[in-house]
Amino acid sequence: TTSICCILFTFVAMQSLRKSLSFSLTHRSLLTLQLSSNRMISTHLQMQGYTSSVTTKIEVTTGDSHSFKGDLLVIPFYKPQLPKSDGDDSEQLIAALKTMIPTGISESLSAIVSDILSEQNFKADATSKQVLRISGSLPVKYIALVGLGPNPKKGSSGDIEVTTAARLGRSIATIAKDTNVENIGVVMLPGTSNPGITQLLLGVHDASYTDNRFKKVPPGGFKIPKFKSLSFLDCSEKVAADIQLTNKLTEWVASGVHFAKDLVGAPSNSKTPLVIADLARQMATEHNLEVKVLGEKECKELNMGGYLAVQQGSKFPPQFIHLTYKPENPSAEVVKVALIGKGLTFDSGGYNLKAGAGSMIELMKFDMGGCAAVLGCAKAISQLRPKNVEVHFITAVCENMISAEAMRPGDILTASNGKTIEVLNTDAEGRLTLSDALVYAEKLQVDTIIDLATLTGACIVALGEKLAGMYTADNDLKADIENA
């Protein structure tokens, strides 16, 4: 969900830069991603006990490594590319790493780093790290060497690669938790620019996320991380001048990711369709979005037979959510994008009950991961407010439950476009809710539709737990998503 949220935001931002609709998007192109009544806002939030997790606020500054004083100094290393050899190349590796010790740090710290490398325990493999507690009168308490693996850019100059930067950020946050430090400085690699800083900060926010909402509070309360400030050392003048803006933009993106994580991680009894609808209304009020929530009456008027059939077994009414972001004073023709997320707050499978080992019924709180990613993206976009792109965030929220009113295998439904559907398996409910959401989005006359869904366990069987399946007939759209 974290990755998909960031991809969606980047994709939308890319569309805001387009000068016309003919740039590369086919009219009403479609991409599918398969992922592992008026009331006072917050009424249902209070009734169901839904709360947000605690957010860590991090102050960001710049400086130089020689004068840095703080708790922890982080020094990242790429793994050197050595000539192939049949023998032990440990000595060569250490010698090469020593040439990469930052020249800006003090002689005393440089000597300590050299000694650490001489022990040959640190080889700069990706995600590897070595942390040393320092005593005496030195300006830092800890030194951490962080491995980045081989440089994906194969030694070329320029900004740090996206995945590498995010991985470094996650390592920094993890070390901060392990050492319980407050102030951290990280020596930046030569050539690092604003996009690399952004990805690093997103990695820090990602690994700093902690969700204790549903745990028993221990005596004395939960341990609160001390990590409060991060200083980027030896950056370019451009990065230093832009650092506060970069940090603010990153915070907005991270807030959307945080929102999505909270939704996916919450149990189904705390995030009912009514609760999610209230969260959408609350977001619209706080961030100047248009909001429309269709109930049962409105969905029947639109003949949403697929969506309503899935919902009819639940005690909670359907909540079809449509948020809209519109740019202010656009400077070019506006590109229109619709993001649709599957929103099953719980999926029992219906009368084709999820049963037996491997059914994952106890995990079906995550069957609204697409909805969470779309609403998280809405939160980020509504704060970033990109120009020249209009975004519609759509999710048909409901439960798939068993009751006397629930749909049955063999039922024939009629979707909102008149297409009839025979239900052979009630656990194939996602495509029923999405079908009506897709028809709804098509009627908005948007240029691009992207839907996201935890649609089928077959995707996990085929691709494993770390890869998403992506399907589209539009190669230009596919390229845009991959570039995002």
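Everything discussed here concerns the structure shown above.
Since we're looking at a predicted model, the values are computed, not measured.

Draft legend 1. Inspection of the layout of surface pockets at higher detail. Taken as a whole, the second largest pocket spans an internal volume of roughly 500 Å³. Along its surface, the second largest pocket is lined by 23 residues, and Val54, Asn212, Lys223, Ile224 and Pro225 are the ones closest to its centre. Tallied by class, the residues present in the lining of the second largest pocket amount to eight nonpolar, eight polar and seven charged.

Draft legend 2. Representation of empty space enclosed by the protein within the structure. One number sums up the size of the largest cavity: a volume of about 50 Å³. Lining the largest cavity are Thr56, Ala173, Ala176, Lys177, Ser208, Pro225 and Phe227. With three residues, helix H5 (residues 162-179) is the single largest residue contributor to the lining of the largest cavity. The residue makeup of the lining of the largest cavity, split by class, is four nonpolar, two polar and one charged.

Draft legend 3. Up close: the sheet that holds strand S4 (residues 129-133). Read across the sheet, six strands follow the order S2-S7-S6-S3-S5-S4 without closing on themselves; strand pairing throughout is mixed. Since the sheet does not close on itself, it has two edges, and those belong to strand S2 (59-63) and S4, each with one partner. Ignoring which end each strand starts from, the neighbouring axes of this sheet average 20° apart. Examined bridge by bridge, S2 and strand S7 (residues 229-233) share five bridges and lie parallel to one another. Its bridge partner being in S7, Thr61 is matched across the sheet by Ser231. Each of strand S3 (72-77), S4, strand S5 (142-147), strand S6 (183-187) and S7 touches H5; the most contacted strand, S5, lies at about 145° to it. Where helix H6 (residues 194-208) meets the sheet, its contacts fall on S2 and S7, and the angle it forms with S7 comes to roughly 150°.

Draft legend 4. Focus on the side chain of Ser53. Within the secondary structure, Ser53 is located in the loop between helix H2 (43-48) and S2. Judged by its relative accessible area of 8%, Ser53 is buried. Looking at Ser53, its side chain comes within polar contact range of the side chain of His258, at 2.7 Å. At a separation of 2.7 Å, a polar atom in the side chain of Ser53 contacts the side chain of Asp262. Excluding its chain neighbours within four sequence positions, the residues that come into contact with Ser53 are Tyr209, Thr210, Asp211, Arg213, His258 and Asp262.

Draft legend 5. A look at the pattern of salt bridges. Using the criterion set out here, one finds 20 salt bridges in the structure. In this structure, the salt-bridge partner of Asp427 is Lys354, at a minimum N-O distance of 3.0 Å. Pair noted here: Asp427 is in the loop between strand S14 (420-422) and helix H12 (430-442) and Lys354 is in the loop between strand S11 (343-347) and helix H11 (369-384), with a separation of 73 residues, a long-range link. Residue class for Asp427 comes out partly exposed when judged on its relative accessible area of 25%.

Draft legend 6. Focus on a nonpolar patch on the surface. Taken together, Tyr351, Leu353 and Ile402 make up a surface patch of nonpolar side chains, about 280 Å² in accessible area. Structurally, Leu353 can be placed in the loop between S11 and H11.

Draft legend 7. View of the packing of helix H8 (residues 273-287) against H11. Running from N to C, H8 and H11 point in directions that differ by 10°, and their axes come no closer than 10 Å. When the axis of H8 is compared with that of H11, the two are roughly parallel. On the side of H8, the interface is formed by Ile276, Met283 and His287, while H11 contributes Cys371, Leu375, Ala378, Lys379, Ser382 and Gln383. Of the residues in the contact of H8 with H11, the class split is five nonpolar, three polar and one charged.

Parameters at a glance
- Residues numbered from 1 in each chain as written.
- Predicted model: local features only at pLDDT ≥ 70, side-chain atom pairs only at ≥ 80, totals over all residues.
- Heavy atoms only, no water.
- 1 Å grid on protein atoms, 1.4 Å probe; cavity = no way out; pocket = protein on both sides within 12 Å on 5 of 7 lines; lining within 4 Å.
- Points joined across faces, edges and corners; volume = space filled by probe spheres on them.
- Nonpolar A, V, L, I, M, F, W, Y, C, P; charged D, E, K, R; others polar.
- Helix = DSSP H or I, 4+ residues; strand = E, 2+ residues; numbered from the N terminus.
- Pairing = 2+ DSSP bridges.
- Axes fitted to C-alpha atoms, helices over the stretch in contact; angles between N-to-C directions.
- Contact = heavy atoms within 4.5 Å.
- Buried < 20%, exposed > 50% of the residue type's maximum accessible area, 1.4 Å probe, protein only.
- Polar contact = N/O pair within 3.5 Å; in protein donor to acceptor, adjacent residues only side chain to side chain.
- Salt bridge = Lys/Arg side-chain N within 4 Å of Asp/Glu carboxyl O.
- Patch = residues over 30% accessible without salt bridge, like charges linked within 9 Å, V, L, I, M, F, W, Y side chains within 5 Å.
- Areas by Shrake-Rupley, 256 points an atom, 1.4 Å probe, with all protein chains shown as cover.
- Parallel < 35°, antiparallel > 145°, perpendicular 65-115°, else oblique.

None of the figures reported here should be taken as evidence of function without further support.
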